[in-house]
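Chain by chain, the residues run as shown.
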Amino acid sequence: MHYLFTYGTLQDLSIQKQVFGRTLAGIQDVLYGYHISLEKIMGRYLVIEKATNKESKIEGIVYELQDSELLKVDLYEGEAYKKIKVDLKSGKSAWIYIRA
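Every chain is numbered on its own, with residues counted from 1 as its sequence reads. Reporting in this predicted model follows two pLDDT cut-offs: at least 70 for local features of residues, and 80 or more for side-chain atom pairs to be given and counted; totals over whole chains, interfaces and linings ignore these cut-offs and use all residues. As a rule here, side-chain values cover all heavy atoms of the structure and leave hydrogens and water aside.

Colleague: What's the story with the environment of Asp 74 in this structure? I'm lost.
Modeller: A run of H or I in DSSP becomes a helix once it reaches four residues, and a run of E becomes a strand once it reaches two; helices and strands are each numbered from the N terminus. Inspection of the secondary structure puts Asp 74 in helix α2 (residues 67-77). Between the C-alpha atoms of Asp 74 and Tyr 97, which are 23 residues apart in sequence, the distance is 8.9 Å. Excluding residues that lie within four positions of it along the chain, Asp 74 makes contacts with Lys 83 and Tyr 97. Counting of polar contacts relies on pairs of N or O atoms within 3.5 Å, with two restrictions inside protein: one atom must be capable of donating a hydrogen and the other of accepting it, and residues adjacent in sequence are counted only when both atoms are side-chain atoms. Within polar-contact distance, the side chain of Asp 74 engages the side chain of Tyr 97 at 2.5 Å. Note on definitions: a residue-residue contact is assigned when non-hydrogen atoms from the two residues lie within 4.5 Å.

Structure follows, in C-alpha cells:
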C-alpha cells in the first residue's frame, strides 16, 4: 500500500475513473515546505516546488493506492513530473509528483 498526496487533476473524479477505473476515497492533509508554482507544466497543469519558507503549505488530499495503481499514476503524470516521498502534517509518508 502507498499514500499519494494530490493537489490537482487527480482529485477530479472523472480523471480518477480514467486512470484507476474507479473513484478514490481520500482524506485531507497538508504538505509543508512546498508551494504551487506560478509556472504550469505545458502552460496548463499545476506543479509544486520546494519553498524557501518552511511555513509554506499546500492543502491536498491523500489517497491509498496499491502498487499497480501507483504505476498507473507514473504513466498518467509522464516525464514532466518526478515522484518523491515526503512527510505530511498527519505523519503519513506519501508520494508526490514535482517538476522533473
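Picking up after the structure, the text goes on.
Colleague: Got a minute to help me understand the environment of Gln 16 in this structure?
Modeller: With respect to the element layout, Gln 16 can be found in helix α1 (residues 13-20). For Gln 16, a relative accessible area of 0% translates into the label buried. Separated by 57 residues in sequence, Gln 16 and Val 73 have C-alpha atoms that sit 9.8 Å apart. If we skip the residues at most four places from it in the chain, Gln 16 touches Leu 10, Gln 11, Gly 21, Arg 22, Thr 23, Leu 24 and Tyr 63. A distance of 2.6 Å separates a polar side-chain atom of Gln 16 from the backbone nitrogen of Leu 24. For every residue, the accessible area obtained with a 1.4 Å probe (protein chains only) is divided by the maximum for its type, and the residue is called buried under 20%, exposed over 50%, and partly exposed between those limits.

Colleague: Help me understand the side chain of Asp 29, please; the structure alone is not making it clear to me.
Modeller: With respect to the secondary-structure elements, Asp 29 resides in strand β2 (residues 26-32). Charged residues are defined narrowly, with Lys and Arg counted positive, Asp and Glu counted negative, and His plus the chain ends left uncounted. Here a salt bridge means any side-chain nitrogen of Lys or Arg lying within 4 Å of a carboxyl oxygen belonging to Asp or Glu. Although Asp 29 is buried, it makes no salt bridge; Lys 92 carries the closest opposite charge, 5.0 Å away. A polar side-chain atom of Asp 29 sits 2.4 Å from a polar atom in the side chain of Ser 90. Excluding residues within four positions of it along the chain, Asp 29 makes contact with Phe 5, Ile 58, Glu 59, Gly 60, Val 62, Leu 88, Lys 89, Ser 90 and Lys 92.

Colleague: Mind showing me how you'd approach the packing of aromatic side chains here?
Modeller: The geometry of an aromatic ring pair is captured by the separation of the ring centres together with the interplanar angle, meaning the angle of the planes. Two rings belonging to Phe, Tyr or Trp (six-membered ring only in the last case) form a pair when the distance between their centres is within 6.5 Å. Interplanar angles under 30 degrees mark stacking, angles over 60 mark edge-to-face geometry, and anything in between is tilted. One pass over the full model with this rule turns up zero aromatic pairs. Whether a charge sits over a ring depends on NZ of Lys or CZ of Arg being within 6 Å of the ring centre and within 35 degrees of the ring normal. If you follow Lys 92 out to its NZ or CZ, it ends over the ring of Tyr 3, 5.3 Å from the centre.

Colleague: I tried to follow the nonpolar core on my own but got confused; where do I start?
Modeller: Nonpolar side chains tend to gather and get buried jointly when the protein is soluble and globular. Counting residues in each nonpolar core, the largest one holds 27 residues, and the members touching the most others are Phe 5, Leu 31, Tyr 34, Ile 48, Leu 65 and Ile 96. Breaking this core down by element, the ones donating at least two residues are β1 (2-6), α1, β5 (57-65), α2, β6 (81-87) and β7 (93-99). Counting residues per element, this core draws most heavily on β7, which supplies five residues. Look past the residues within four positions of Tyr 34 in its chain and what remains in contact with it is Ile 48, Glu 49, Lys 50, Ala 51, Ser 56, Lys 57, Ile 58, Ile 84, Val 86, Ile 96 and Ile 98. The nonpolar core is taken to be a set of buried Ala, Val, Leu, Ile, Met, Phe, Trp, Tyr and Cys residues, with the residues joined through side-chain atoms within 4.5 Å.

Colleague: Help me out: how do you make sense of the pattern of salt bridges in this one?
Modeller: Here the idea is simple: oppositely charged side chains can pair when their charged atoms come close. A complete count under the given rule lists four salt bridges for this structure. The salt bridge involving Glu 39 is made with Arg 99; its shortest N-O contact spans 4.0 Å. One end of the pair, Glu 39, is in the loop between β3 (34-36) and β4 (48-50); the other, Arg 99, is in strand β7, with 60 residues separating them in the sequence. For Glu 39, a relative accessible area of 55% translates into the label exposed. The class for Arg 99 is partly exposed, based on a relative accessible area of 29%.

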